[in-house]
2 protein chains.
Amino acid sequence: MKLSSRGHYGMMALTYLAQKVGDGPIPIKVIAAAEEIPEQYLEQIFVELRRAGLVTSVRGARGGYKLSRPPEQIQVGEVVKVLEGEIAPVECLHADEDNPSLCCSKTEHCATKIVWVKLRDTIVDYLDDITLHDIVHKSSKLYTESR
Amino acid sequence: MKLSSRGHYGMMALTYLAQKVGDGPIPIKVIAAAEEIPEQYLEQIFVELRRAGLVTSVRGARGGYKLSRPPEQIQVGEVVKVLEGEIAPVECLHADEDNPSLCCSKTEHCATKIVWVKLRDTIVDYLDDITLHDIVHKSSKLYTESR
DNA sequence: TTAATCTTGACTGAATGAGTCAGGATTATG
DNA sequence: CATAATCCTGACTCATTCAGTCAAGATTAA
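Residues numbered from 1 in each chain as written. Chains lettered and ligands numbered in written order. Predicted model: local features only at pLDDT ≥ 70, side-chain atom pairs only at ≥ 80, totals over all residues. Heavy atoms only, no water.

**Considerations on the pattern of salt bridges**
All chains considered together, the criterion is met by 12 salt bridges over all chains. The salt bridge partner of Arg69(B) is Glu78(B), with a shortest N-O separation of 2.7 Å. Note that Lys81(B) is salt-bridged to Asp128(B), the shortest N-O span being 3.7 Å. A residue pair is termed long-range when its members are at least 10 positions apart, and Lys81(B) in helix H4 (residues 76–84) and Asp128(B) in helix H5 (residues 113–128) qualify at 47 residues. Each of Asp129(A), Asp134(A) and Lys141(A) takes part in a single network of salt bridges with overlapping partners. (Salt bridge = Lys/Arg side-chain N within 4 Å of Asp/Glu carboxyl O. Helix = DSSP H or I, 4+ residues; strand = E, 2+ residues; numbered from the N terminus.)

Here it is as structure tokens:
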């Protein structure tokens, strides 16, 4: 149950951009330095973010990256999906046409499966409810005590 | 955001045992066959489960494993913690004495950290709320529609 | 023209995951 | 007592993934 560094770094970088909305494109180098992320590694991550339409690049001198949409329209769930792939605590959750749920030939017919399905839903619901805007503005969604 | 096969197999095996409560100790071989889990691999997993006090072993012929507690007292969260380690979506969440949160020297002072903290809480709360009994008896907790 | 950027793809080294192998210790049963 | 059925232990392997680097190219502002 771990995020990879891509997901973590990606969120850090996008949060940084969300704080700089309006400043024009920000070079990778700047983000990498500010957040202490290896620059060339962060480049790879931005390739994925760009392909997914989350950020827009401006090439050439004075270029850089900016968010493609306002921070309140970028959900953490979307970022995580792009950088980590579909959230699926166990393999058999993303059964598609040619892969019709391998793990379910067992005696108990995957009695545990429902647990993982609900776990995924819980995670996705949580992540989809939070946007970059919430993070930057310390939304009460994130900062009120719940336990 | 994936469970390892240990967690998955472990839950399958314990759920199997929960279904057989009262039958006396069940050999690994039987569980492995029923759930299609490599036998020697499952042995490793049971070592951890035993050390954690979740199952009790009976050695020798006619031996096997049984749950150490009734199914309603075994939470999924506990099993996952035993087999996967503390749930911590990102590294810096389990900062202890000698490891005081490495990732937080950044500009934005880990603005994203709160997201992962809350994510962890969300996951833990969910997993701690479900017991083996809920799984075996198809508790409404797991089977009512929520989305 | 040049320097600052993004863009691409190949590469590497270490860690982790998933499982196997080999043998030993314990105990019910005949 | 002998033996077979178990659990118990630790080392080992093999493939994959992760995290990051390297090298070279394309684009564009100044």
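Read on for the rest.
**A closer look at the nonpolar core**
Grouped together as the largest cluster of nonpolar side chains are 94 residues, with contacts concentrated most on Phe46(A), Trp116(A), Phe46(B) and Trp116(B). Discounting chain neighbours no more than four positions away, the residues touching Phe46(A) are Ala13(A), Leu17(A), Ile28(A), Ile31(A), Val55(A) and Tyr65(A). (Core = buried A, V, L, I, M, F, W, Y, C linked by side-chain atoms within 4.5 Å. Buried < 20%, exposed > 50% of the residue type's maximum accessible area, 1.4 Å probe, protein only. Contact = heavy atoms within 4.5 Å.)

**Re the pairing of strand E2 (residues 64–67) of chain A**
Residues and elements named next belong to chain A. The pairing of strand E1 (residues 55–58) with E2 spans 4 bridges and is classified as antiparallel. Bridge pairing in E2 places Thr56 opposite Lys66. Counted between consecutive antiparallel strands, the loop separating E1 from E2 contains 5 residues, among which Gly60 sits at a positive phi close to 80°. (Pairing = 2+ DSSP bridges.)

**Examining the environment of Ile87(B)**
Along the chain, the position of Ile87(B) falls in the loop between H4 and H5. Once residues lying within four places of it in the same chain are set aside, the contact partners of Ile87(B) are Val80(B), Arg120(B), Ile123(B), Val124(B) and Leu127(B).

**A short note on the packing of helix H5 (residues 113–128) of chain A against H5(B)**
Between H5(A) and H5(B), the least distance of the axes is 10 Å, while the angle of their chain directions is 150°. Regarding the angle of H5(A) to H5(B), the classification is roughly antiparallel. In terms of crossing hand, the pair formed by H5(A) and H5(B) is right-handed. Residues Ile114(A), Val115(A), Lys118(A), Leu119(A), Thr122(A), Ile123(A), Tyr126(A) and Leu127(A) of H5(A) touch H5(B), and the partners they reach there are Ile114(B), Val115(B), Lys118(B), Leu119(B), Thr122(B), Ile123(B), Tyr126(B) and Leu127(B). Looking at the contact of H5(A) with H5(B) residue by residue, the class counts come to 12 nonpolar, 2 polar and 2 charged. (Axes fitted to C-alpha atoms, helices over the stretch in contact; angles between N-to-C directions. Parallel < 35°, antiparallel > 145°, perpendicular 65-115°, else oblique. Left-handed = near helix turned anticlockwise from the far one by under 90°. Nonpolar A, V, L, I, M, F, W, Y, C, P; charged D, E, K, R; others polar.)

**Let's talk about the domain arrangement of chain A**
Residue and element names in this part refer to chain A. According to the domain assignment, chain A consists of domain 1 (5–67) and domain 2 (74–145). With 14 residues of domain 1 at the interface, the matching set in domain 2 holds 10 residues. Surface buried jointly by domain 1 and domain 2 totals about 1100 Å² across both partners, of which 83% is contributed by carbon and sulfur atoms. The interface formed by domain 1 and domain 2 includes 0 salt bridges. Broken down by element, the side of domain 1 that touches domain 2 gets its largest block of residues, 8 residues, from helix H1 (residues 5–19). (Domains from an automatic or database assignment. Buried area = accessible area lost by both parts, 1.4 Å probe.)

**Observations concerning the protein's contact with DNA strand D**
Taken together, 26 residues are adjacent to DNA strand D, and Gln44(A), Ile28(B), Arg50(B), Ser57(B) and Tyr65(B) come closest. Backbone sugar and phosphate groups make up 63% of those atoms of DNA strand D lying within 4 Å of the protein. For DNA strand D, a base nitrogen lies 3.3 Å from a polar atom in the side chain of Glu43(B). Side-chain polar atom of Ser57(B) to a phosphate oxygen of DNA strand D: 2.8 Å apart, as the coordinates give it. Of all the secondary-structure elements, those providing two or more residues to the surface near DNA strand D are H1 and helix H3 (39–51) of chain A together with helix H3 (39–51), strand E1 (55–58) and strand E2 (64–67) of chain B. Class assignment for the residues of the surface near DNA strand D results in 10 nonpolar, 10 polar and 6 charged. (Near = heavy atom within 4 Å. Polar contact = N/O pair within 3.5 Å; in protein donor to acceptor, adjacent residues only side chain to side chain.)

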